[in-house]
Structures are given as C-alpha cells and as structure tokens.
Amino acid sequence: MKPAEHNVERCGGASATPPSPRERPRVARRPGGRWLGAAMFLPAILYVVAIIGVPFLMAFLYAVGDVRVGSVGYHFVGLENFRSVLHSPAFRRSLFNSVIFTVGSQVLVIVGAFTLALALRDKFRGRGVVRFLVMLPWVAPVSLGAIGWKWILDSLYSVINWLLVAMHLFRQFDAPQWLGEPKLAMMSVILVHTWHVLPFSTVILLAGLTAIPRDIPEAAAVDGAGFWRTLVHITIPMMRPILNVALLFGIIFTFTDMTVVYILTRGGPYDSTQVVPSLAFFTGILGGDLAEGAAISLFLVPILVIVAYLMLRVAHRAEVT
Amino acid sequence: MLGHWSVIVAFSVVLAFPFYWMLITTFKQTSDLYDITNNPFIFNARPTLEHLRLLFGETLYLRWVGNTALAGALVVFITLLLALPAAYALARLTGNWGQRLGIAIFLTYLVPPTLLFIPLSRVISLLGLQDTIWSVVVVYPSFTIPFSTWLLMGFFKSIPKELEDAAMVDGLTRFGAFVKLVIPISVSGILTVVIFAFTLVTQEFVYALTFIAPEAHQMVGVGVPTFLVRGDVYYWGSLMAACLITSLPIALVYNLFLDRFIAGFTVGAVK
Amino acid sequence: MAVVETRGLTKVFKEGQLGAVNNVDLVTREGEFLVFLGPSGSGKTTLLRMIAGLEQPTAGEILIGGNVVNHLSPRERRIAMVFQSYALYPHLSVYNNIAFPLKAQKIKKELHREKVEWASSLLGIGGLLDRKPRELSGGERQRVALARAIVREPTVFLLDEPLSNLDAKLRASAREDLEQFHKRIGTTTIYVTHDQVEAMAMGDRIVVLHQGFVRQIGTPKEVYDDPADTFVATFLGSPPMNLLESDDVVVGFRPEHFLPADRLREGSRIPLRFRVTYLEFLGAERILYGSLAGSRFEEKEVLSRLPAAVSEAFQVASVYDFGVASESLRFFDRQSEKRTQPKAIAWQ
Ligand SMILES: Nc1ncnc2c1ncn2[C@@H]1O[C@H](COP(=O)(O)OP(=O)(O)O)[C@@H](O)[C@H]1O
Ligand SMILES: [Mg+2]
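Note that the coordinates shown come from a computational prediction; the quantities given were computed from them, not determined experimentally. (Residues numbered from 1 in each chain as written. Chains lettered and ligands numbered in written order. Predicted model: local features only at pLDDT ≥ 70, side-chain atom pairs only at ≥ 80, totals over all residues. Heavy atoms only, no water.)

## Regarding the overall build of chain C
A tally of helices and strands in chain C yields eight helices and 18 strands. In terms of its C-alpha atoms, chain C occupies a principal-axis envelope of roughly 75 × 45 × 35 Å. Expressed as a percentage of the 348 residues in chain C, the buried residues total 55%. A fraction of 65% describes how many contacts in chain C between residues 6 or more apart in sequence connect residues 24 or more apart. Counting only carbon and sulfur atoms, one obtains 49% of the accessible surface of chain C, whose full area is about 15400 Å². Between the mean site of the 45 positive side-chain charges and the mean site of the 44 negative ones, chain C shows a separation of 6 Å. (Helix = DSSP H or I, 4+ residues; strand = E, 2+ residues; numbered from the N terminus. Buried < 20%, exposed > 50% of the residue type's maximum accessible area, 1.4 Å probe, protein only. Contact = heavy atoms within 4.5 Å. Areas by Shrake-Rupley, 256 points an atom, 1.4 Å probe, with all protein chains shown as cover. Lys, Arg positive; Asp, Glu negative; His and termini not counted. Charge placed at Lys NZ, Arg CZ, Asp CG, Glu CD.)

See below:
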C-alpha cells in the first residue's frame with residue numbers, strides 16, 4: 001500500500017476546537033425596567049378604570065341615593081331603591097323575562113352552533129362562502145340586523161305570514177302577530193337574538209372541534225363506534241372546556257343585552273319582553289330616574305361575577321391540563 | 001352525507017335570509033311592498049332605485065356613516081396608543097404578574113354597557129360631550145382596550161425574546177426595541193386590532209343610543225333604525241338599503257380577521 | 001384470523017396528479033407479519049387507511065377474509081388499528097380507553113372487565129388502568145393503544161409507525177415486545193414503517209413502496225439480497241448499494257462486498273482500484289468513502305463497509321487494491337431500472 005501524500009485525517013480539522021463563540025452578554029434587567037413596565041402599562045389601566053371603575057362606583061352611589069335627572073342634592077336613602085325595585089312588578093317581570101330570554105336562546109344557540117360546527121368541520125367545496133353567509137348575523141351591526149327582522153316579522157307585510165297563508169296554514173287576517181302577542185313576541189326576540197349570537201358560538205366551537213386531532217374520531221370509528229356514540233362519548237366530552245367558554249360568553253352577551261328587544265318590541269307588548277337591561281334604560285335614561293335605573297342595572301352584577309368566576313375556573317383548568 | 005348538506009343548507013338559508021330580504025326590499029317599489037296579495041319573493045313591479053335616492057338624497061345617512069368612520073378612526077387611534085405598550089408590558093416586563101393582569105383586563109371586556117350607561121351618561125354631560133361623537137370616542141376605548149391588549153399580548157408573546165435582546169446588544173434601549181423592532185414585526189397583529197376596534201365601533205348600539213340624540217350627530221347603527229322611521233311610518237325600502245349597505249362591507253372585513261379574534265377568545269380552552 | 005387482499009388499489013387525492021397509491025396488488029398470508037416499507041410520502045399510510053376503511057379508494061378492491069369490503073365502514077371490517085399518535089381518548093381512563101371498543105361493539109357488559117384485564121395483563125399495563133393518557137409515558141401509551149386494539153380480538157391488526165414516537169432505546173425494546181406479542185396472538189398484522197431496520201427485523205415479508213407503487217414484495221432476505229430494481233437496491237441497506245452504469249445496464253454491489261483484494265477468492269474476483277477520500281469509524285465496522293481509480297469507472301463514487309475483523313489501516317487520498325466477487329454483482333436494466341440477467345461487462 002502506498003503511503004498517503006496528504007495525511008490529513010477527516011476529523012483532523014474538526015478536532016481543533018474553533019474559537020468558542022463569544023457568549024452574548026446577558027441583558028441585565030436594568031433597574032429602570034420595572035418602571036418602564038409600569039409606565040407602559042398604567043395609561044391603559046388608568047383609562048379603563050376611569051371609564052369603567054368610576055361609573056361603576058357611581059352606579060352604587062346612585063343606587064343608594066335619590067338622584068334624578070335635573071335634581072341637585074343627593075340624599076342617602078340606603079337600600080330603599082333596591083327594595084322598591086324588588087317590589088315592583090315591572091322589575092320582577094323583567095327579571096323573569098331575562099331568565100327566559102337567556103336560557104331559551106342559549107339552549108338554542110348551543111345546540112344549533114354545535115350542529116353547525118360539526119357540519120362545517122370537514123373541508124368541502126364552497127365552505128368559505130357558507131362560512132361567510134352563516135357569519136353575517138354576528139359580523140353585521142346587530143341593530144341593523146334586528147331592523148331586518150322587524151320587517152320580516154311585520155304585522156301586515158311579514159314574508160313569513162305570506163308563506164303561511166300561501167300554504168293554507170292560516171287565513172289572511174288570522175296570521176300570527178309575531179311582535180304583537182306576548183308569547184309570540186318573547187319567542188321572536190329569543191329567536192332573533194339566537195340568530196345574532198349563534199355564529200359567534202359556532203366559530204368558537206369550530207375552533208374546539210378542529211383542535212381535536214383527526215385520528216381520535218378515526219380511532220373511534222375503527223373501534224366500532226358510530227356517529228352518535230362518537231359524538232356523545234368522544235367529541236362532546238373532549239369539547240367540554242370550549243363548550244363552557246361558548247356558553248359563558250353567550251350568557252353574558254344575552255343577559256346584558258337590550259338591542260334586539262329595544263329594536264323589535266321596545267319591551268312590549270305590555271312589558272312581556274321587557275328584560276332587565278332594557279328596563280334600566282327606560283327607567284334611568286328615558287324616565288330620568290337615575291337612582292332606580294342604576295339599582296336595576298346593578299342586578300346584572302351577580303350574574304357577571306358568577307360568569308367571570310366560572311370563566312376563570314375554565315381558564316385555570318385548561319392551563320393545568 | 002345528505003344530513004350534512006341539509007344542515008348546511010338549512011343554516012345558510014336561515015342565517016343569511018334577512019340580508020337577502022334587505023336586498024330584495026331595497027329595489028322594490030313601495031306599492032309592490034305594501035300589497036299583501038303580491039308574492040313578496042318576486043318583483044311584481046319594475047325594480048326601482050327610489051329608496052336609494054331617498055336614502056342618499058334626503059336623509060343624513062352619509063353623515064352618519066361619516067360620523068361613525070371618524071369615531072372609529074379616533075377610537076382605533078386611542079386604542080393602539082394605550083393597548084400596544086400595555087400589551088407589551090404584560091407580555092414581557094411584568095413577568096409572572098403579566099398573565100394574571102392580562103386575564104383581569106380581559107374580564108373588564110365583559111362589563112356590559114347596560115351596567116354603566118346611567119352613570120356614564122351623567123359623566124358625559126358633565127364633561128360637556130353629550131350629543132357629540134366625542135362621547136362615544138371617549139367611552140368606546142373602555143372595551144376596545146381590554147380585548148386589544150389581550151390579543152396583542154398573545155402576538156407579542158410569540159416573538160422570541162432573543163430578538164429584542166439582540167437589538168439591545170446592538171445598542172437600542174428596551175423602549176427603542178419595542179418601537180423599532182417589536183411593532184414592525186407585529187403588523188398583522190396590529191391590523192387585527194385595528195379591524196376589531198373599528199368594527200366594534202360600528203356595531204355598538206347602547207352607548208350611542210344613550211349619549212347622542214340629535215339627528216345630525218348620530219352613529220349609523222342608531223341613526224338608521226331611529227331616523228328612517230317617522231312616527232309610525234317605517235321607510236322600509238330605504239331602511240333595508242341602509243342596513244345592507246352598512247352591513248356588507250363591515251361583514252366582509254370582519255370575516256377576514258375572524259379566526260384571529262376567535263383565537264383570542266379561546267386561548268387556553270382549546271386543546 | 002383473516003387474509004387481507006388488495007386488487008389494483010389506487011388512491012388519487014387530486015385529479016390529474018400522480019396517485020398517492022397506485023394499482024397495488026398484494027395478499028397477506030394467514031397470521032403473517034407484513035411490513036409496508038418506504039420513504040415518507042410513499043403512500044404507506046394511505047394504503048393502510050384504505051384497508052382500515054378510513055379512506056375511500058379511487059379504484060380497486062379490498063378483500064378481508066375473501067369478501068370485498070370496499071363499501072363497509074371501518075367498524076364493520078372487524079379490524080384494529082394502532083395510530084402513529086396512538087389516538088388515545090384523552091378524557092377516558094386507561095380502563096375506559098381499552099373498554100371503548102367493547103362498548104362500541106355492544107359486547108355483553110359482564111365480559112368487559114375480564115377482557116380488559118386480559119388485554120392489559122398481556123401488555124403488562126394492569127397497574128395503570130385508573131390513569132389518564134396524559135399521565136403515561138410514551139412506551140406506556142403505546143401499550144395502551146395495543147391493548148385497545150387487541151381487546152376485541154380483531155381479524156386483522158393494522159399498525160402505522162407505532163414506534164416512531166419513542167426514543168431510540170425504548171424503540172428497540174418495544175420492537176422486541178411487539179414481535180413477542182405477535183407470536184403469541186398470531187393475528188395477521190400489517191405494519192407500516194419507514195425504518196428499514198425495523199422492517200428487516202420484524203417482517204415476515206416486506207412490501208417496498210415508492211411513490212405509491214409496490215416495488216417489491218419479499219422476505220427481508222429477498223429484498224436485501226435480490227432487490228427487484230435500483231430503488232429497492234439503494235433504499236435498503238445502509239450505506240446503500242454501489243451502482244455503476246455501463247452501456248445499457250447498471251451493475252450494483254453492496255458496500256460490504258467491496259473489500260480489499262486480498263480478502264476475496266482469486267478466481268471470481270473483479271479487481272478495482274479504490275481511492276479513499278474519507279473514512280468513518282463506527283466501532284463494529286468502518287465505512288470508507290471514495291472513488292474508483294484507473295478503470296473505465298474512473299471517478300465513480302463508491303463505498304466500502306469493512307467489518308472490524310479487517311484491521312488494515314487506510315489513509316485518506318491513498319489508492320488501494322480492492323475488488324468484488326462476481327457472484328455479488330447485481331444487474332439492472334438502465335432504462336427500466338428493473339433487475340436483469342447477469343451480463344459480462346468490460347471493467348477496464
Ligand atoms: N388527505 C390528503 N389529501 C391530499 N393529499 C394527501 C392526503 N393524505 C396524503 N396525501 C399525499 O399522499 C402521499 C402519500 O402520503 P402518505 O400515505 O401519508 O405517505 P407515508 O405514510 O408513506 O408517509 C403524500 O404525497 C401526501 O402528501
Ligand atoms: Mg405515514
């Protein structure tokens with residue numbers, strides 16, 4: 001065998017340690033860092049506290065005082081306003097209506113949104129268009145959508161009634177007064193509100209559905225589970241946290257909202273669709289009784305606190321797992 | 001398969017129907033609209049542009065759109081000015097507390113207008129802002145800032161810390177790194193927030209209804225359902241035209257950014 | 001137990017493009033451990049998913065136990081599948097994960113516990129039944145997935161790269177466990193992998209796939225010693241077979257057959273000069289990288305793999321006398337890349 005001409009082992013070059021890369025100097029947390037953080041953070045906090053916190057306290061002050069629009073003095077009246085609100089039939093009615101309105105629409109929203117989300121999960125031709133169409137009620141301004149429904153549910157020219165008459169289900173002047181009869185009016189505001197919130201819940205649930213790895217439902221199929229078993233035993237349990245999120249947002253958006261009621265019925269007929277927020281509006285803003293209006297509004301707080309607490313629990317659980 | 005398609009068709013039809021109906025109504029002659037013997041799904045008389053002429057020529061619709069756009073731009077400006085640094089501080093500087101404060105600020109987004117509108121209406125009139133768009137410009141950031149901060153916090157957290165460290169080694173201050181490096185990198189996140197804040201302004205109803213009374217200063221969401229009705233007379237054709245023309249562009253833009261908003265709503269709960 | 005057969009099985013995801021699986025014909029044998037081997041993207045998973053019923057074929061037939069099952073849903077095919085990610089149900093305990101197929105197939109409730117215990121003890125996870133999947137290690141998850149697959153005593157087992165999520169050490173022991181396990185239950189098994197070592201070690205037979213086509217079906221020895229084409233020749237074996245082009249044939253020989261001349265029998269030896277460009281010492285063997293010198297294949301890159309028993313020192317940039325035994329040569333058609341008869345070629 002011949003001796004090598006250039007006896008350079010392959011690893012010869014590599015074995016010589018290259019100049020060690022200069023350690024990048026660790027950026028020391030300068031003493032100013034903390035202050036800078038506060039300075040960047042505080043303006044936003046102050047703004048939000050000023051616009052939310054201050055009125056929130058004022059709401060309590062109003063509620064335990066006797067302020068009216070145009071009145072000058074302020075007298076502390078204790079829980080008087082709350083007592084009178086609690087005893088007022090109008091308030092009790094509105095609280096009851098709020099519960100019906102919230103529970104009714106949330107049941108419909110969750111069932112409907114889940115169904116729709118399941119249908120939109122897999123790609124299909126035209127899914128983008130379908131998604132745009134079904135999102136419209138949420139992304140368009142709600143007051144304008146509600147006006148659209150007011151026209152569709154019109155007492156004389158309702159297209160729904162025209163269809164019912166055309167199908168001979170009703171006679172011309174017997175057709176349902178969607179917004180004119182107490183029970184129908186409540187049903188209508190529930191349905192229109194459902195129409196408005198459903199897309200939002202749908203996309204939230206869709207996010208949850210697409211986060212389930214595809215092979216989980218496939219494994220279930222191979223294991224012998226059909227559509228319903230997979231849905232009940234696999235998909236829904238896995239969706240629990242996200243279903244909670246959708247539900248909690250839905251409750252807040254529904255219990256505290258007055259837009260649909262205001263546009264469609266103004267709380268009528270005979271207060272049959274008056275909800276707590278709209279009653280606060282009519283009492284405090286239009287009626288000028290700031291104290292009682294504020295007291296009515298404050299009845300939203302317990303609901304908000306409970307929902308916020310549950311929301312934190314969900315967030316916490318999601319972090320832990 | 002059949003079930004799948006029937007669900008899709010049924011939901012699309014029901015959810016989009018009002019907008020289809022706005023479209024039909026916009027171009028129908030009044031006499032056609034108000035004849036209950038007519039089939040409402042077809043044009044029984046020639047289509048007309050009369051409602052559009054009325055809307056643009058004889059109402060303050062365009063003024064309302066302008067008011068809304070102006071208020072929207074100002075709210076976006078205030079929101080970015082305050083939420084960008086706050087989100088960055090929460091994501092980077094305040095460390096462990098960042099997450100908790102972030103959640104707290106997110107929860108303030110859930111405070112509804114119907115809880116605060118009564119005392120706020122007093123504050124607004126004390127400040128002399130009643131019946132001007134400045135009332136909503138001041139108040140709306142109270143809910144655009146919390147959610148925008150939350151969203152931006154997520155974006156900032158996805159930027160590797162090393163990038164800023166490197167910039168600071170290269171001679172920038174931390175604030176300089178934020179302005180010259182972090183913000184340019186986060187353009188898409190910032191755009192999301194811009195769209196989000198703007199659409200919220202166009203959609204808000206309760207505050208606008210409470211604070212602003214005169215016709216000329218209305219926001220479009222209140223002006224249309226309030227002033228296109230004279231007493232008991234609804235100008236349905238123009239009303240529907242206004243609803244459609246306002247809704248579609250907002251819906252189109254919002255739809256583009258929807259997935260990012262949803263990601264903001266669902267952080268942590270998905271997975 | 002049953003035999004799986006495919007006839008002309010094809011899957012085209014996008015019309016006009018090459019199929020992910022093309023015209024695959026294969027038949028398993030009773031109780032066999034059949035391995036699908038191919039580089040990533042070669043269509044192994046797609047083929048397996050069609051057999052499982054998770055993917056509809058574009059063309060062709062699938063038979064299980066002699067019956068065409070194309071139109072049966074996965075649950076009706078009585079197969080079991082272990083997914084690459086294991087696809088354990090995260091919200092269910094190990095016990096309920098394993099019991100899920102029993103519930104889904106409406107097996108009498110009284111039998112559940114007994115069967116779950118049988119399956120879990122077979123895999124040595126009897127102590128984990130109350131845990132949730134996220135509380136398990138990778139190896140334990142894999143066993144749970146296997147237990148879930150065997151608990152209903154399927155006719156066919158499908159496994160999609162079940163070891164690829166394990167670290168190297170665990171993989172070796174899990175491989176052995178799997179082999180033992182197959183011996184014990186004897187169910188026909190189709191096993192997908194891109195790892196040739198796994199395939200060689202475990203397979204009764206190997207199906208080599210490339211771009212959706214079956215390149216060869218044979219025992220590990222057949223596919224290694226007698227590759228059907230140049231793809232199989234270079235895909236199997238590490239380092240791959242040396243290939244030299246000569247007129248209309250390609251001649252190949254494995255690096256372990258390319259040895260110092262004095263290691264080969266005089267008579268059948270084809271002498272070649274070898275210029276070493278660098279060498280790797282791998283403990284049990286050495287790999288020499290270099291090129292041929294001084295023949296008509298001057299500059300052609302070739303490799304030699306020397307067992308530790310060959311102790312000569314080699315130096316970079318030197319030229320040595322090497323050679324290959326003529327019976328170690330394999331010939332392929334240059335056009336079709338398919339195996340052809342041995343042929344005399346001019347070496348110098
Ligand atoms: N659902 C799908 N849609 C489109 N193309 C796919 C799909 N699944 C797999 N493919 C394509 O088919 C080919 C084979 O994929 P696969 O069977 O997963 O290969 P392997 O499992 O061998 O890595 C790849 O090119 C892949 O991109
Ligand atoms: Mg694969």
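That covers the picture; the talk isn't over yet.
## Re the interface of chain A and chain C
Contacts between the two partners involve 28 residues from chain A and, on the opposite side, 35 residues from chain C. Between chain A and chain C, roughly 2600 Å² of surface is buried when both sides are summed, and carbon and sulfur atoms account for 59% of that area. One can count three salt bridges joining chain A with chain C. When the shortest N-O distance is used, the salt bridge between Arg152 of chain C and Asp223 of chain A registers 2.8 Å. Our count for the chain A to chain C interface comes out at twelve residue pairs in polar contact (both at pLDDT 80 or more). Mapped onto the side of chain A that touches chain C, the elements with two or more residues apiece are α9 (215–222) and α10 (227–255) of chain A. With seven residues, α9 of chain A is the single largest residue contributor to the side of chain A that touches chain C. Its residues assigned to classes, the side of chain A that touches chain C comprises 13 nonpolar, six polar and nine charged. (Buried area = accessible area lost by both parts, 1.4 Å probe. Salt bridge = Lys/Arg side-chain N within 4 Å of Asp/Glu carboxyl O. Polar contact = N/O pair within 3.5 Å; in protein donor to acceptor, adjacent residues only side chain to side chain. Nonpolar A, V, L, I, M, F, W, Y, C, P; charged D, E, K, R; others polar.)

## Concerning the site of ligand 1
All names here are of chain C. By nearness alone, every residue bordering ligand 1 is listed as Phe13, Ala20, Pro39, Ser40, Gly41, Ser42, Gly43, Lys44, Thr45 and Thr46. Gly43 places a main-chain nitrogen or oxygen 3.1 Å from an oxygen atom of ligand 1. Note that an oxygen atom of ligand 1 is positioned 2.5 Å from one of the side-chain N or O atoms of Thr45. The protein chains hide 57% of the 560 Å² of surface that ligand 1 would expose on its own. Tallied by class, residues from the shell around ligand 1 come to three nonpolar, six polar and one charged. (Near = heavy atom within 4 Å.)

## Thoughts on the domain arrangement of chain B
All names here are of chain B. When the domains of chain B are assigned, the result is domain 1 (1–48) and domain 2 (55–270). Between the C-alpha centres of domain 1 and domain 2 there is a distance of 33 Å. Taken together, the seven residues of domain 1 in the interface contact eight residues of domain 2. At the boundary of domain 1 with domain 2, total buried surface from both sides reaches about 640 Å², with 79% on carbon and sulfur atoms. Linking domain 1 to domain 2 there are zero salt bridges. At the surface where domain 1 touches domain 2, the tally comes to one residue pair in polar contact (both at pLDDT 80 or more). Sort the elements by how many residues they give to the side of domain 1 that touches domain 2 and helix α1 (residues 2–26) lands first, with five residues. Here the side of domain 1 that touches domain 2 is composed, by residue class, of five nonpolar, two polar and no charged. (Domains from an automatic or database assignment.)

## Thoughts on the confidence of the model for chain C
The pLDDT averaged across chain C works out to 90; a share of 100% of its residues lies at or above 70. Interface confidence in the predicted complex, given as ipTM, is 0.86; pTM for the same model is 0.79. (pLDDT = per-residue confidence, 0-100.)

## Examining the sheet that holds strand β1 (residues 4–11) of chain C
All names here are of chain C. Judged by pairing direction, the sheet is antiparallel, and its four strands sit side by side in the order β2-β1-β4-β5 without closing on themselves. In this open sheet, the two strands that pair with only one neighbour each are β2 (21–27) and β5 (67–68). Pairing of β1 with strand β4 (residues 59–64), which is carried by five bridges, proceeds in the antiparallel orientation. When the bridges of β4 are listed, Val4 appears paired with Ile64. Helix α1 (residues 44–52) rests against β1, β2 and β4 of the sheet, and its axis sits at about 120 degrees to β1. (Pairing = 2+ DSSP bridges. Axes fitted to C-alpha atoms, helices over the stretch in contact; angles between N-to-C directions.)

## Observations regarding the pattern of salt bridges
Residue and element names in this part refer to chain C. Applying the stated rule across the entire model yields 27 salt bridges over all chains. The shortest N-O distance in the salt bridge between Glu5 and Arg7 comes to 3.0 Å. Residue Arg7 is classed as partly exposed on the basis of its relative accessible area of 38%. A salt bridge links Glu285 to Arg305; its shortest N-O distance comes to 3.1 Å.

## A word on the nonpolar core
In globular proteins that are soluble, nonpolar side chains generally tend to be buried together. One finds Phe156 and Val224 of chain B together with Phe36 of chain C to be the most contacted residues of the largest nonpolar core, which totals 221 residues. By residue number, the principal contributor to this core is helix α4 (residues 61–93) of chain B, which donates 15 residues. Excluding its chain neighbours within four sequence positions, the residues that come into contact with Val224 of chain B are Leu144 of chain A together with Tyr61, Trp64, Leu239, Ala242 and Cys243 of chain B. Among the nonpolar cores identified, the runner-up in size contains 45 residues, and Leu122, Ala147, Ala149 and Val208 of chain C belong to it. (Core = buried A, V, L, I, M, F, W, Y, C linked by side-chain atoms within 4.5 Å.)

## Examining the interface of chain A and chain B
Counting from both sides, the interface comprises 98 residues of chain A and, opposite them, 98 residues of chain B. Taking both sides of the interface into account, the surface hidden between chain A and chain B amounts to around 8700 Å²; carbon and sulfur atoms contribute 80%. Ranking the residues of chain A by area buried against chain B places Met40, Leu144 and Trp151 of chain A at the top, with a combined share of 9%. Linking chain A with chain B are zero salt bridges, by the criterion used here. Connecting chain A to chain B are twelve residue pairs in polar contact (both at pLDDT 80 or more). Broken down by element, the side of chain A that touches chain B gets its largest block of residues, 17 residues, from helix α2 (residues 32–63) of chain A.

## Considering unusual backbone geometry
In this chain, Ser238 of chain C is followed by Pro239 of chain C through a cis amide linkage whose omega measures 0 degrees. Note on placement: Pro239 of chain C falls in the loop between α8 (230–235) and β11 (242–246). A positive phi is found at Tyr270 of chain A, a non-glycine position, where the angle reads about 50 degrees. Inspection of the secondary structure puts Tyr270 of chain A in the loop between α11 (259–264) and α12 (276–286). Although it is not a glycine, Gln211 of chain C adopts a positive phi angle of roughly 50 degrees. In this fold, Gln211 of chain C is placed in the loop between β9 (205–210) and β10 (213–218).

## Topic: the packing of aromatic side chains
All names here are of chain C. This model, assessed by the stated rule, comprises 44 aromatic pairs over all chains. Taken together, a centroid distance of 4.5 Å and an interplanar angle of 20 degrees make the contact between Tyr278 and Tyr289 stacked. Of the two residues, Tyr278 sits in strand β14 (residues 269–281) while Tyr289 sits in strand β15 (residues 285–293), which places them eleven residues apart along the sequence. Exposure remark for Tyr278: the relative accessible area of 29% places this residue in the partly exposed category. (Phe/Tyr/Trp six-rings, centres within 6.5 Å; stacked < 30°, edge-to-face > 60°.)

## Here we look at the environment of Leu264 of chain C
By secondary structure assignment, the location of Leu264 of chain C is in the loop between β13 (259–260) and β14. Those residues within four positions of Leu264 of chain C in sequence are excluded, and the remaining contacts are Leu259, Arg269, Gly323, Val324 and Ala325 of chain C.

## Here's the deal with helix α13 (residues 290–298) of chain A
In terms of residue burial, α13 of chain A counts as a mostly covered element, since eight of its nine residues are buried. Every buried residue of α13 of chain A is listed here: Leu290, Ala291, Gly293, Ala294, Ala295, Ile296, Ser297 and Leu298 of chain A.

## Structural notes on the confidence of the model for chain B
In this model, chain B carries an average pLDDT of 84, and 94% of its residues clear a pLDDT of 70 or more. Taking the mean pLDDT of every element in chain B, the minimum, 74, falls on helix α5 (residues 96–108) of chain B and the maximum, 92, on helix α7 (residues 133–139) of chain B.

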